[in-house]
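# Breakdown of the fold
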Amino acid sequence: MALLAMIFVLVQSLIQYPQPAGDGLDEATHCRMKERQELLDHEMARLLQELEEQDEGWGAVLSGALQQWPFWVIAGVLLLLALWFTCRRRSGEASNNDVHEGEDSVDGREECMEVKVQESSNASEQRSREKEDLDGGKGESGSDGMEDREKTRYAGNEQGILLVDRIEWPVEDLERGCSVIAELMESLTRVFVDSVSNTPYPVPQEAIGVGSAFEGWSPRDWDGVYRVLVPLNPPPGHTFHLEPNSAGQLAARTFNVCVELVCTCEKEQVEEKPLCFLHHSREELWRKQKRSLLEMLCTSSYLDVEKTSRWFCQLVRSSWLQVPQWHSWHVVFQPCSRSCRLELSKGRESLTVEMLFGVRRGDSDIFVSSQPTKATITASTAWAETYAVAEAKFFRHIARQLPCESLHLKCLQLFTCILRDTGFSSSTWKTVVMHVLTTVPLSRWHRRAFARRLWDIMAYLDRCLQLTHLRHFVLGNERLPAEISLPPAMRGVVPPNLFEHLARDPAAHREARQAYGRLRFCLGVLLSSH
């Protein structure tokens, strides 16, 4: 109707302003033309009034739509682009088997993600083996039947498999570095035992690899240092006794290592009777050049971390030429007040190892170590309680139990490296993943359920943020494997809250919730793109 009205107005304008046909028109023609014009004006007025009465609403709608024509143009262009992108994506998926997947990337898809992934050389073989495993296990019942149903449920979903295969995985470099460090520490320990025998110095024991490198993963903020903990046993005639140093948070306690002398008069020795630090005079001990640990490495009656560090570094220096590695590796000692740090180099290969030393709490896997705490000022006699040995032992236990031994490590790798800068520290992700490992049955940590396990980790983090409560993994955890030994007092304690700072600071809690929302979006985009 509106279109007819516009055409009528155009025709009427032509009639109102006719071009003169000539100069010879008589008065009768002018009269007829004038009457015709009046008739047309009257008819146009009637039609316009009728249009306004019958189609007043449609005119308003059309007028508004015409005023917003740029919006409709943009909407049409976006619709065409969406259709084109969908068609291209489907065609790309259809030809995916003919394209080398290592050339794909998700770089630039979102500013919050810079994903650098590559296809594993044996990914297709692993997928084929898992398909055969799924087909062969359909007859089992009970828990195996539940596992088969879960695998079947996600068998058609290739998102998790594509992503887990294409995560850049530094495991070969880590294994190489850990192997070199382990062999070096084994050689040094043998030399240490011979060097400190019949001396008043602590006796170094077999080194224990700790930290992410020896656990099999590397966060983005990893400094590239391989850390080992060297347990120290008291020398003959001495004993170590741990005294709590502070009444602070349970998860950040420090201890003093009190050195006490014990009687050695009753001990038998073939060559000669040993001198007892308690029952022999100081003059006799001095004459026989027998000095106690209290005189060598202690401040007051407490083992001094800095004095022990200087002695230990000197011990490593004197032992270096007696180990086989000195022929092939060049070593540089780096100064450090609470540890011994070495930089090893051979051609283009270089490794950095930091030797921490500590004292074991009883027969447990909990130590007090020389590693500095987060405190600004740490006393030289303060030894921080560490759970690194228990955590490393837990990761080795999990690796032996999982169907896909590195799946949990790839989850950590994804959250700490690919989805980085999300506001959550590597230690937070590690704690969350360890909790999920003790919650979700280990039989369900297979490659086809990778995406599901990622969402399980996200759900656990979301719940912790809602409650502003993340439990310490070691302290008070009743789900720890039996092979991890804790002091009896530690098993019954209430686990410290690692999100206590969020509970005290509403602004920090709100920021953490926002970071979780961004992380959830990024993870969804990442999974949907594979």
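Refer to the structure presented above.
A short tour of the structure in this document, coming up. Because the structure is predicted, anything quoted here is derived from the model rather than measured.

Conventions and cut-offs
Residues numbered from 1 in each chain as written. Predicted model: local features only at pLDDT ≥ 70, side-chain atom pairs only at ≥ 80, totals over all residues. Heavy atoms only, no water. Helix = DSSP H or I, 4+ residues; strand = E, 2+ residues; numbered from the N terminus. Buried < 20%, exposed > 50% of the residue type's maximum accessible area, 1.4 Å probe, protein only. Contact = heavy atoms within 4.5 Å. Areas by Shrake-Rupley, 256 points an atom, 1.4 Å probe, with all protein chains shown as cover. Patch = residues over 30% accessible without salt bridge, like charges linked within 9 Å, V, L, I, M, F, W, Y side chains within 5 Å. Salt bridge = Lys/Arg side-chain N within 4 Å of Asp/Glu carboxyl O. Phe/Tyr/Trp six-rings, centres within 6.5 Å; stacked < 30°, edge-to-face > 60°. Core = buried A, V, L, I, M, F, W, Y, C linked by side-chain atoms within 4.5 Å. Axes fitted to C-alpha atoms, helices over the stretch in contact; angles between N-to-C directions. Parallel < 35°, antiparallel > 145°, perpendicular 65-115°, else oblique. Nonpolar A, V, L, I, M, F, W, Y, C, P; charged D, E, K, R; others polar. Expected span 1.5 Å × (residues − 1). Polar contact = N/O pair within 3.5 Å; in protein donor to acceptor, adjacent residues only side chain to side chain. Left-handed = near helix turned anticlockwise from the far one by under 90°. Pairing = 2+ DSSP bridges.

Moving on to the overall build of the chain. Looking only at helices and strands, the chain features 19 helices and twelve strands. Out of the 530 residues in the chain, the part that is buried amounts to 41%. Pairs at least 24 apart in sequence give 68% of the contacts found in the chain among residues at least 6 apart. Accessible surface computed for the chain: about 30900 Å², of which carbon and sulfur atoms make up 52%.

Before going further, it helps to spend a moment on a nonpolar patch on the surface. A surface patch of nonpolar side chains, about 320 Å² in accessible area, is lined by Leu79, Leu80 and Leu83. Position of Leu83 among the secondary structure elements: in helix H4 (residues 69-94).

This brings us to the packing of aromatic side chains. One pass over the structure, following the stated rule, counts ten aromatic pairs. Note on Phe415 and Trp429: the rings are 4.3 Å apart at their centroids and 10° apart in plane angle, and the pair reads as stacked. Highlighted residues: Phe415 in helix H14 (residues 407-418) and Trp429 in helix H15 (residues 426-437), separated in sequence by 14 residues. Look at Phe415 and you get buried, because its relative accessible area is 1%.

Our next topic: the nonpolar core. Membership of the largest hydrophobic core comes to 51 residues, with the highest contact counts inside it found for Phe424, Trp429 and Leu461. When contributions to this core are tallied by element, the ones reaching two or more residues are helix H13 (388-401), H14, H15, helix H16 (450-467) and helix H19 (506-528). Here this core gets nine residues from one element, more than from any other, and that element is H16. When near neighbours in sequence (up to four residues on either side) are disregarded, Leu461 contacts Phe424, Trp429, Val432, Phe499, Tyr516 and Leu519. Counting residues in hydrophobic clusters, the runner-up holds 44 residues, among them Val196, Ala213, Val305 and Trp329.

So, about the packing of H16 against H19. Relative orientation of the contacting elements H16 and H19 amounts to 170°, with a least axis distance of 11 Å. Here H16 lies roughly antiparallel to H19, going by the angle between them. Contacts between H16 and H19 pair Ala451, Leu454, Trp455, Met458, Leu461, Asp462, Leu465 and Gln466 from the former with His509, Ala512, Arg513, Tyr516, Leu519, Arg520, Leu523, Gly524 and Leu527 from the latter. A class-by-class count of the residues in the contact of H16 with H19 yields eleven nonpolar, three polar and three charged.

Moving on, we come to the pattern of salt bridges. Scanning all chains against the criterion turns up 14 salt bridges. A salt bridge links Arg341 to Glu354; its shortest N-O distance comes to 3.3 Å. Residue Arg341 is found in strand S9 (residues 340-346), and its partner Glu354 is found in strand S10 (residues 349-360); the two are separated by 13 residues along the sequence. Judged by its relative accessible area of 22%, Arg341 falls in the partly exposed class. Close ionic contact of Asp456 with Arg453 constitutes a salt bridge, the shortest N to O distance being 2.7 Å. Taken together, the positions of Asp456 and Arg453, both in helix H16 and three residues apart, correspond to about one turn of that helix. Each of the two residues, Asp456 as well as Arg453, counts as buried.

Bringing helix H12 (residues 305-320) into the picture now. Over its 16 residues, H12 runs 22 Å from end to end, which matches the ideal 22 Å to within 8%, given 1.5 Å per residue. When H12 is considered as a whole, its buried residues turn out to be Val305, Thr308, Ser309, Trp311, Phe312, Cys313, Leu315, Val316, Ser319 and Trp320. Where H12 begins, the side chain of Asp304 points an oxygen toward the backbone nitrogen of Glu306, at a separation of 2.9 Å.

We now examine the packing of H14 against H16. Packing of H14 against H16 leaves a shortest axis separation of 11 Å and a crossing angle of 60°. Between H14 and H16, the angle is such that the two are oblique. Considering how the two elements wind past one another, H14 and H16 form a crossing that is right-handed. Between H14 and H16, the contacting residues are Leu407, Lys410, Cys411, Leu414 and Phe415 on the first element and Phe450, Leu454, Ile457 and Met458 on the second.

Where burial is concerned, most of strand S3 (residues 225-233) is hidden: eight out of the nine residues are buried. Strand direction decides the pairing type here: strand S1 (residues 203-204) and S3, joined by two bridges, are antiparallel. Counted as the bridge partner of Pro204 is Leu232 from S3. Where strand S2 (residues 208-210) lies against S3, three bridges are found, and the strand directions are antiparallel. Across the sheet, Val210 pairs through a bridge with Arg227, a residue of S3. For S3 and S10, the ladder comprises seven bridges, and the chain directions are parallel. Looking at S10, one finds that Arg227 is bridged to Glu354.

The next subject is the environment of Leu465. Looking at where Leu465 falls in the secondary structure, it is placed in helix H16. Along the chain, Leu465 and Arg510 lie 45 residues apart, while their C-alpha atoms are 9.5 Å from each other. Sequence-distant contacts of Leu465, that is, excluding residues within four places in its chain, are made with Phe424, Phe499, Leu502, His509, Ala512, Arg513 and Tyr516.

Both trends apply: most residues other than glycine have a negative phi, and most peptide bonds are in trans. Positive phi values are uncommon outside glycine, yet Ser300 reaches one of about 60°. Inspection of the secondary structure assignment puts Ser300 in the loop between strand S6 (298-299) and strand S7 (302-303). Its identity is not glycine, yet Thr468 carries a phi of approximately 45°, on the positive side. Structurally, the position occupied by Thr468 is in the loop between H16 and helix H17 (488-491).

The buried count for strand S5 (residues 254-261) comes to six of eight residues, which makes it a mostly enclosed element. Where strand S4 (residues 238-244) meets S5, seven bridges bridge the pair, whose relative direction is antiparallel. Bridge pairing in S5 links Leu242 to Val257. Where S5 lies against strand S12 (residues 383-386), two bridges are found, and the strand directions are antiparallel.

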